[in-house]
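# Structure at a glance
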Amino acid sequence: MLEISDLDVYYGQSHILRGIEISVPPGKMVCLIGRNGVGKTTLLKTVMGLLSPRSGTIVFNGQSILSKRPDQRAKMGISYVPQGREIIPRLTVKENLLLGLEALPNDKKVKREIPEDIFLLFPVLKTMLSRLGGDLSGGQQQQLAIARALMGQPRLLVLDEPTEGIQPSIILEIEAAVRNIIESTGISVLLVEQHLHFVKQADSYFAMQKGTIVAKGSTSDLTQDVIQEFLAV
């Protein structure tokens, strides 16, 4: 589904990502772990086309996407929920959701309506359609951001620390929704996360340190040493 090879990214003269090698198989969740400042968000932004690599390849569904703009990558089936969510506070929940339709290819933009599946995943949103996005709690905004990303019917969902600043009960709801999304739709997920319980919901992990991948494996094999090194605050 997604193959990243020998990726190098710079900010000016600063070498941020060094020889990154990551793969995300179809229908699987892969988690990228590491302490703050090691380059995780930079990698996600590069996948989305918001940053350009100096060298390396990014292949999605068998096709190189290095020359594609962010909007083109979205139409190819890559949806991104950035850190901080970036919902539009002065639009209603319904209007925020309908914005997600812009990621659909033009031939699929027929009905401007919200599929019932969205409300099965996030029932709270159905009761808040007329509320302004800015009036929602942090957890509700995160659910809205993920739901908006799903409106574009992605094949790959990219999530940057979806549990940041969210109360534990909502974290569990978001975890369950993401697993449900994978199981019911077969899409892939690339997740950046620090919350150990959510990390363990993924099928595999890659650990980053100083802009490089230094460990990888199945999340079922995560050792206490790896957790302490890459997840402990």
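Residue numbers restart at each chain and count upward from 1, following the sequence in its written direction. This being a predicted model, a pLDDT of at least 70 is required before a residue's local features are given, and a value of 80 or more before pairs of side-chain atoms are given or counted; all residues contribute to the totals for chains, interfaces and linings. Water and hydrogen atoms play no part in the side-chain values, which are based on all heavy atoms of the structure.

### Observations concerning the overall build of the protein chain
Numbered from the N terminus, helices here are DSSP runs of H or I no shorter than four residues, and strands are runs of E no shorter than two. Regarding its fold elements, the protein chain presents nine helices and 10 strands. A compact globule built from 233 residues would reach a C-alpha radius of gyration of about 17 Å, and the protein chain, at 17 Å, matches this within 12%. Note on classification: 1.4 Å probe, protein chains only; a residue is buried when its accessible area is under 20% of the maximum for its type, exposed when over 50%, partly exposed between these limits. In the protein chain, buried positions account for 49% of the 233 residues. For the protein chain, restricting intrachain contacts to residue pairs at least 6 apart in sequence, the fraction spanning at least 24 positions comes to 68%. Our radius of gyration is a C-alpha quantity, and the globule rule it is checked against amounts to 2.2 Å times the number of residues to the power 0.38. In what follows, a contact means two residues having at least one pair of non-hydrogen atoms within 4.5 Å.

### Remarks on the pairing of strand 4 (residues 55-60)
Pairing between strands requires that DSSP locate at least two bridges from one strand to the other. Both strand 1 (residues 2-11) and strand 4 contribute to a ladder of five bridges, which runs antiparallel. When the bridges of strand 4 are listed, Leu-2 appears paired with Phe-60. Both strand 4 and strand 5 (residues 63-64) contribute to a ladder of two bridges, which runs antiparallel. Paired with Phe-60 across the bridge in strand 5 is Gln-63. Adjacent in sequence and paired antiparallel, strand 4 and strand 5 are bridged by two residues, among which Asn-61 carries a positive phi angle near 55°.

### Description of unusual backbone geometry
Even without a glycine there, the phi angle at Asp-6 is positive, about 50°. Looking at the element boundaries, Asp-6 is found in strand 1. Take Asp-6: its relative accessible area is 46%, and that puts it in the partly exposed class. One non-glycine residue, Lys-210, lies in the positive phi region at around 50°. Mapped onto the elements of the fold, Lys-210 is located in the loop between strand 9 (204-209) and strand 10 (212-218). In this structure Lys-210 comes out as exposed when scored by relative accessible area, which is 73%.

### Looking at the sheet that holds strand 5
The four strands are arranged 2-1-4-5 in an open sheet whose pairing can be described as antiparallel. Unpaired on one side and paired on the other, strand 2 (14-24) and strand 5 mark the two borders of the sheet. Strand contacts of helix 1 (residues 40-48): strand 1, strand 2 and strand 4, with the helix running at about 110° to strand 1, the strand carrying the most contacts. Convention adopted: a line fitted to C-alpha atoms gives each axis, helices being fitted over their contacting stretch, and angles between N-to-C directions are expressed from 0 to 180 degrees.

### Quick look at the nonpolar core
Residues enter a nonpolar core if they are buried and are Ala, Val, Leu, Ile, Met, Phe, Trp, Tyr or Cys, with the set joined through side-chain atoms within 4.5 Å. By size, the foremost hydrophobic cluster in this structure holds 49 residues, and its most contacted members are Ile-33, Ile-146, Leu-150 and Leu-157. With sequence-adjacent residues up to four places away left out, Leu-157 is seen in contact with Ser-79, Val-81, Ile-146, Ala-149, Leu-150, Ile-187, Ser-188, Val-189 and Leu-190. Counting 27 residues, the second-largest nonpolar core is a separate cluster that includes Leu-43, Leu-44, Ile-78 and Leu-156.

### Thoughts on the environment of Ser-64
Relative to the helices and strands, Ser-64 resides in strand 5. Spatially, the C-alpha atoms of Ser-64 and Leu-2 are 9.8 Å apart, while their sequence positions differ by 62 residues. The contacts of Ser-64, once residues within four sequence positions are left out, are Ile-58 and Val-59.

### Structural notes on the packing of aromatic side chains
Ring pairs shown here join Phe, Tyr and Trp side chains whose ring centres sit within 6.5 Å, with only the six-membered ring taken for Trp; geometry is labelled stacked below 30 degrees between planes, edge-to-face above 60, and tilted in between. Going through the model one piece at a time under the given rule, you end up with zero aromatic pairs. Of note, Arg-54 hangs over the ring of Tyr-10, and the distance from its end group to the ring centre comes to 3.7 Å. Note on criteria: charge over ring means Lys NZ or Arg CZ within 6 Å of the ring centre, with the direction from the centre no more than 35 degrees off the ring normal.

### Remarks on the side chain of Asp-160
Mapped onto the elements of the fold, Asp-160 is located in strand 7 (residues 156-160). N or O atoms closer than or at 3.5 Å make up a polar contact, with two conditions inside protein: a donor-capable atom paired with an acceptor-capable one, and, for residues adjacent in sequence, both atoms drawn from side chains. Separated by 2.8 Å, the side chains of Asp-160 and Thr-41 make a polar contact.

### Overview of the pairing of strand 6 (residues 78-81)
Side chains of strand 6 alternate between two faces, with Ile-78 and Tyr-80 and Ser-79 and Val-81 buried alike. Direction of pairing for strand 6 relative to strand 7: parallel, over a ladder of four bridges. Residue pairing for strand 7: Ile-78 is matched across the bridge by Leu-156.

### Observations concerning helix 6 (residues 138-150)
Expected span, for any helix, means 1.5 Å times one less than how many residues it has. Spanning 13 residues, helix 6 covers 19 Å between terminal C-alpha atoms, matching the ideal 18 Å at 1.5 Å per step. Most of helix 6 is tucked away: 12 of the 13 residues are buried. The complete set of buried residues in helix 6 reads Gly-139, Gln-140, Gln-141, Gln-142, Gln-143, Leu-144, Ala-145, Ile-146, Ala-147, Arg-148, Ala-149 and Leu-150. Buried residues along helix 6 sit in contact with strand 6, helix 3 (93-99), helix 4 (116-121), helix 5 (123-126), strand 7 and helix 7 (168-185).

Taken by themselves, the reported measurements are silent on function.
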